[in-house]
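Residue-level listing of the chains:
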Amino acid sequence: MTTSALARFQERLRVAELDAALIAAPETLPATNLRYLSGFTGSSAYLLVTPERAWLLTDGRYVEQARVESPAFEVVPQGRQVAETIAALCQEARIAKLGFEADKVPHAMYKAWRDQIPAIWRPLRRMVEDLRLVKTPEEIAAIREAAAIADDALAEVLPQAVGQSERELALALEWGMRRRGAEALAFPSIVVAGERGAWPHAQPSDRRIQPGELLILDFGAQVRGYKSDETVTVATGPVSEELRRLVDIVAEAQARGIEAARPGATAGSVDAAARSVIERAGYGAAFGHGTGHGVGLDIHEAPYAGPNPQLDVVLAPGMTLTVEPGIYLPGLGGCRLEDTLVITETGAERLTRWPKTFQVL
Ligand code: ZN
Ligand code: ZN
């Protein structure tokens, strides 16, 4: 999987007429592009990639690990001054035009490189992100596994929700995911009930979950670096007509969004399909976030299904997309329903399988 990602990246470099690209992921920078290209899972490394060759530079903690995890790369100890080591490799490989991730590298780091590495610097313009947009079957399999783990853990802990604090329930869910083989959480779980459900991304609190309120859980597992993302809203007993209606509207919006997710459609049209249901019901102002996002090595990655046309893309088989409309009413509560989808040849498949309809515990 990673070898072919590297080969596809090298092909892009060739087309862009770049001599090489420098992908930097020291501790302070996001590492998912580096991991995608190399398979390396450590916390600090640099990649120098030409259309023909590929080096991975890292420190003494990771040299042996990198040789095992990144067999397609020549592993080089980064030395005391990583820029000097990179400069020496650039000289050896006659690298002049060097691409870098201008949207990630801090200005001070770029300035230091420019002083020490003689090259013509060129921004890569999301070259790795574009490759990551369409997932391979192996990547989809990892997300599917993560989603199944998360669903199984939810089925185990949900019946005991009432009487626990939000924090206790979150912990039980997280422990359930880890016990089933999640290597990590996809992100800090959101478990909120009652009026706290009106805060779309609230932290779990010590508040006890009571019968007869809406309980929202937004959670995911991570398998081989890949994440799942799902939100479930359940009633913890009989609820008011108003809350019941809230869930029905969001469920309808979510179903329309999923229907709109198919190859050839834009991500923006998925947002429009879900959003129009909520707007028609009179709750447009209470849905203050985008309808969805891609999921992979990052929990939020392209494509983005929102009202911003600048971020819009045409969906294609192998892309992932969440559909997660919500309604949030301060003082009353909230509801969000979210599935992680993979776009197929004919439509979309839900990888997260918990039913997204009104349910009472
Ligand atoms: Zn989520
Ligand atoms: Zn999400």
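From a predicted model like this one, the values you see are computed outputs, not experimental measurements. (Residues numbered from 1 in each chain as written. Chains lettered and ligands numbered in written order. Predicted model: local features only at pLDDT ≥ 70, side-chain atom pairs only at ≥ 80, totals over all residues. Heavy atoms only, no water.)

Quick notes on the pattern of salt bridges
Okay, step 1: For the structure shown, the criterion picks out 30 salt bridges.
Okay, step 2: Linking K104 and E101 is a salt bridge whose minimum nitrogen-to-oxygen distance equals 3.3 Å.
Okay, step 3: Exposure remark for E101: the relative accessible area of 7% places this residue in the buried category.
Okay, step 4: Of the charged contacts in the structure, one is a salt bridge between R244 and D248, with a shortest N-O distance of 3.2 Å. Placement of the pair is R244 and D248 together in helix 9 (residues 241–260), with a separation of 4 residues, close to one helical turn.
Okay, step 5: Exposure remark for D248: the relative accessible area of 35% places this residue in the partly exposed category. (Salt bridge = Lys/Arg side-chain N within 4 Å of Asp/Glu carboxyl O. Buried < 20%, exposed > 50% of the residue type's maximum accessible area, 1.4 Å probe, protein only. Helix = DSSP H or I, 4+ residues; strand = E, 2+ residues; numbered from the N terminus.)

Some points on the coordination of the zinc ion (ligand 2)
Okay, step 1: Around the zinc ion (ligand 2), the protein supplies D229 (OD), H293 (NE2), E324 (OE) and E338 (OE) as donor atoms, at distances of 2.1 Å.
Okay, step 2: Relative to the metal, the 4 donor atoms surrounding the zinc ion (ligand 2) lie at angles of 78 to 153°, and the coordination shape comes out irregular.
Okay, step 3: Expressed as a motif, the donor residue spacing for the zinc ion (ligand 2) is D-x63-H-x30-E-x13-E.
Okay, step 4: Separating the zinc ion (ligand 2) from the zinc ion (ligand 1) is a gap of 3.1 Å, which D229 spans by donating to each of them. Here H293 is found in strand 13 (residues 292–294), whereas its partner E338 is found in the loop between strand 17 (333–336) and strand 18 (339–343), with 45 residues between them in sequence. When sorted by exposure, H293 lands in the same class as E338, which is buried. (Donors = N, O, S within 2.8 Å, 3.2 Å for Na, K, Ca; no water. Tetrahedral: all angles 85-135°; square planar, octahedral: opposite > 155°, others 65-115°.)

Focus: the domain arrangement of the protein
Okay, step 1: Taken as a whole, the protein is organised into domain 1 (2–132) and domain 2 (137–350).
Okay, step 2: The distance between the C-alpha centroids of domain 1 and domain 2 comes to 35 Å.
Okay, step 3: Every contact between the two is made by 5 residues of domain 1 and, on the other side, 8 residues of domain 2.
Okay, step 4: Summing both partners gives a buried area of about 540 Å² for domain 1 against domain 2, and 43% of it is carried by carbon and sulfur.
Okay, step 5: Area buried by domain 1 at its contact with domain 2 is led by T32, R35 and R132, which between them contribute 73% of it.
Okay, step 6: In this assembly, domain 1 and domain 2 are joined by 2 salt bridges.
Okay, step 7: The partner of E301 in a salt bridge is R132, and the shortest N-O contact between them spans 2.8 Å.
Okay, step 8: For the pair domain 1 and domain 2, the number of links is 4 residue pairs in polar contact (both at pLDDT 80 or more). (Domains from an automatic or database assignment. Contact = heavy atoms within 4.5 Å. Buried area = accessible area lost by both parts, 1.4 Å probe. Polar contact = N/O pair within 3.5 Å; in protein donor to acceptor, adjacent residues only side chain to side chain.)

Quick word on the packing of helix 7 (residues 137–157) against helix 8 (residues 166–179)
Okay, step 1: Helix 8 packs onto helix 7 with a crossing angle of 135° between their chain directions and a minimal axis gap of 8 Å. In terms of axis orientation, helix 7 runs oblique to helix 8. Judged by the sense of rotation from one axis to the other, the crossing of helix 7 with helix 8 is right-handed. Contacts between helix 7 and helix 8 involve I149, A150, A153, L154, E156 and V157 on the former and, on the latter, L169, A172, L173, G176, M177 and R179. (Axes fitted to C-alpha atoms, helices over the stretch in contact; angles between N-to-C directions. Parallel < 35°, antiparallel > 145°, perpendicular 65-115°, else oblique. Left-handed = near helix turned anticlockwise from the far one by under 90°.)

Remarks on the pairing of strand 8 (residues 190–193)
Okay, step 1: Every second residue of strand 8 is oriented toward a common face, with I190 and V192 on one face and V191 and A193 on the other, all of them buried.
Okay, step 2: Pairing geometry for strand 8 and strand 9 (residues 214–219), over 4 bridges, is antiparallel. Residue pairing for strand 9: V191 is matched across the bridge by L217. (Pairing = 2+ DSSP bridges.)

Digging into helix 4 (residues 82–92)
Okay, step 1: Along helix 4, the residues that are buried comprise V82, A83, T85, I86, A87, L89 and C90.
Okay, step 2: Just beyond helix 4, the residue with positive phi is R94, at close to 55°.

As for the side chain of E301
Okay, step 1: Within the secondary structure, E301 sits in strand 14 (residues 301–305).
Okay, step 2: The class of E301 is buried, set by a relative accessible area of 7%.
Okay, step 3: At 3.1 Å, the side chain of E301 forms a polar contact with the backbone nitrogen of D298.
Okay, step 4: The residues touching E301, leaving out its near neighbours within four places in the chain, are R132, K135, H293, G294, V295 and G296.

Section: the sheet that holds strand 10 (residues 221–223)
Okay, step 1: Spatial ordering of the open sheet is given by 7-10-11, a layout of 3 strands whose pairing is antiparallel. Looking at the sheet topology across the chains shown, the edges are occupied by strand 7 (184–185) and strand 11 (226–227).
Okay, step 2: With respect to the sheet, helix 7 is in contact with strand 10 and strand 11, its orientation differing from that of strand 10 by roughly 145°.

Looking at the sheet that holds strand 8
Okay, step 1: The antiparallel open sheet is built from 3 strands, whose spatial order is 8-9-12. Edge positions in the open sheet fall to strand 8 and strand 12 (230–235), since each of these has one partner strand only. Within the sheet, the average angular offset between the axes of one strand and its neighbour, ignoring direction, is 10°.
Okay, step 2: Where strand 9 meets strand 12, 6 bridges bridge the pair, whose relative direction is antiparallel. Bridge pairing in strand 12 places I216 opposite T233.

As for the packing of aromatic side chains
Okay, step 1: Tallied over the full model, the rule gives 6 aromatic pairs.
Okay, step 2: Here the aromatic rings of F100 and W113 are separated by 6.5 Å at their centres, their planes lie at 80°, and the arrangement is edge-to-face. One end of the pair, F100, is in strand 5 (residues 97–100); the other, W113, is in helix 5 (residues 107–116), with 13 residues separating them in the sequence. By the burial criterion, F100 is buried, and W113 matches it. (Phe/Tyr/Trp six-rings, centres within 6.5 Å; stacked < 30°, edge-to-face > 60°.)

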